[in-house]
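Descriptive structure summary
Chain by chain, the residues run as shown.
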Amino acid sequence: MQSGGIKVGFTEEHDQWLSKHLKQRKGERLDALKRGHSYGNRLFVECVWWPLTGHFHGLHPEYEVKDWRGRSYFIDLLWKVGSSRIAFEIMDYGSHGTDRSKYRMDLNRGLFLQSQDYMVLYISLDEMKENPSFVLSTLRNMLSPYLLAGTANRSTEKSYSRIERDLMRLAIRNYRVLRPGDAARELELHYTTIIKYSRMLVDKGKFRPVARGTSPRVTYYEYIGTIQSPDLV
């Protein structure tokens, strides 16, 4: 059970986060947020997301996307971390499982989102109510690389440039390995720019250049920062 202090912390942060998104929206997007962020989504952010991360950075409620027909569709919760987009869909059997057409449409949307490079995770509302620890531990295992990449604090913002932080996050997501060519394509930067900032991170003690065999040419960079270093927590 959560302590009173943790509960208060969640309530304050949640209310501020939701208020910010409500103020930024109008029309259909505002209506979707008012309708959609109800019991199931609130339960997820309180019992799973908050214990998992302790923040709402990069998390968007009722996030609008266009489906394959060009029609608006609202993802229950979308987490943007680096260049990754992770969609959480809270599934209630009563609203998703008994209507065959809606069930089919939900699966089609999930398949379409995955084709657009979203990671889509379906969360059972019943499981969250009856066994939230299972959902929490499973997501912690699945999302651990992204959790590390998404925890840079404000002091880090002053110490590292945006490109440096993106490179460190990318390396962590790829089991601490950063290959310049792959990074250039994913971050849409020139290869020489990747090399320049990777060398800066070597000088700062965050990357280690790795060569193949006896060749002096660097094959990839290895992230050697600790999990609890200032750039990640």
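Residues numbered from 1 in each chain as written. Predicted model: local features only at pLDDT ≥ 70, side-chain atom pairs only at ≥ 80, totals over all residues. Heavy atoms only, no water.

In this section: the sheet that holds strand β4 (residues 118–124). Judged by pairing direction, the sheet is mixed, and its 4 strands sit side by side in the order β1-β2-β3-β4 without closing on themselves. Of all strands in the sheet, those bounded by a partner on one side alone are β1 (59–66) and β4. The sheet shows a mean angle of 40 degrees between the axes of neighbouring strands, direction not considered. Pairing of strand β3 (residues 84–91) with β4 involves 7 bridges; the strand directions are parallel. Looking at β4, one finds that E89 is bridged to Y122. In the packing of helix α2 (residues 27–36) onto the sheet, the strands contacted are β1 and β2 (72–81), and the crossing angle to β1 comes to about 130 degrees. Of the strands in this sheet, β1, β2, β3 and β4 touch helix α5 (residues 100–115), which is tilted by about 145 degrees from β4. (Pairing = 2+ DSSP bridges. Helix = DSSP H or I, 4+ residues; strand = E, 2+ residues; numbered from the N terminus. Axes fitted to C-alpha atoms, helices over the stretch in contact; angles between N-to-C directions. Contact = heavy atoms within 4.5 Å.)

Core analysis: the largest hydrophobic core is formed by 29 residues, its most contacted members being F44, V45, W79, F88, M128, L139 and L143. Top contributing element to this core by residue count: helix α3 (residues 39–53), with 7 residues. Apart from residues no more than four positions distant in its own chain, L143 is found in contact with L52, I86, F88, M119 and L121. Counting 18 residues, the second largest nonpolar core, distinct from the first, contains A183, L201, F207 and Y223. (Core = buried A, V, L, I, M, F, W, Y, C linked by side-chain atoms within 4.5 Å. Buried < 20%, exposed > 50% of the residue type's maximum accessible area, 1.4 Å probe, protein only.)

With that settled, the discussion passes to the packing of helix α10 (residues 180–187) against helix α11 (residues 191–203). Interhelical geometry of α10 versus α11 gives an angle of 115 degrees and a closest axis separation of 9 Å. Classed by the angle they form, the pair α10 and α11 counts as roughly perpendicular. Between α10 and α11 lies a crossing whose hand is right-handed. Between α10 and α11, the contacting residues are P180, G181, A183, A184 and L187 on the first element and Y191, I194 and I195 on the second. (Parallel < 35°, antiparallel > 145°, perpendicular 65-115°, else oblique. Left-handed = near helix turned anticlockwise from the far one by under 90°.)

With that settled, the discussion passes to the packing of helix α9 (residues 162–173) against α11. When two helices pack together, you describe them by how their axes are tilted relative to each other and by the distance separating the axes. It is the contact of α9 with α11, at a shortest axis distance of 10 Å, that shows an interaxial angle of 85 degrees. On the basis of the axis angle, α9 is roughly perpendicular to α11. In this structure, α9 contributes I163, E164, L167 and M168 to the contact, and α11 contributes T193, I194, Y197, S198, M200 and L201. Its residues assigned to classes, the contact of α9 with α11 shows 7 nonpolar, 2 polar and 1 charged. (Nonpolar A, V, L, I, M, F, W, Y, C, P; charged D, E, K, R; others polar.)

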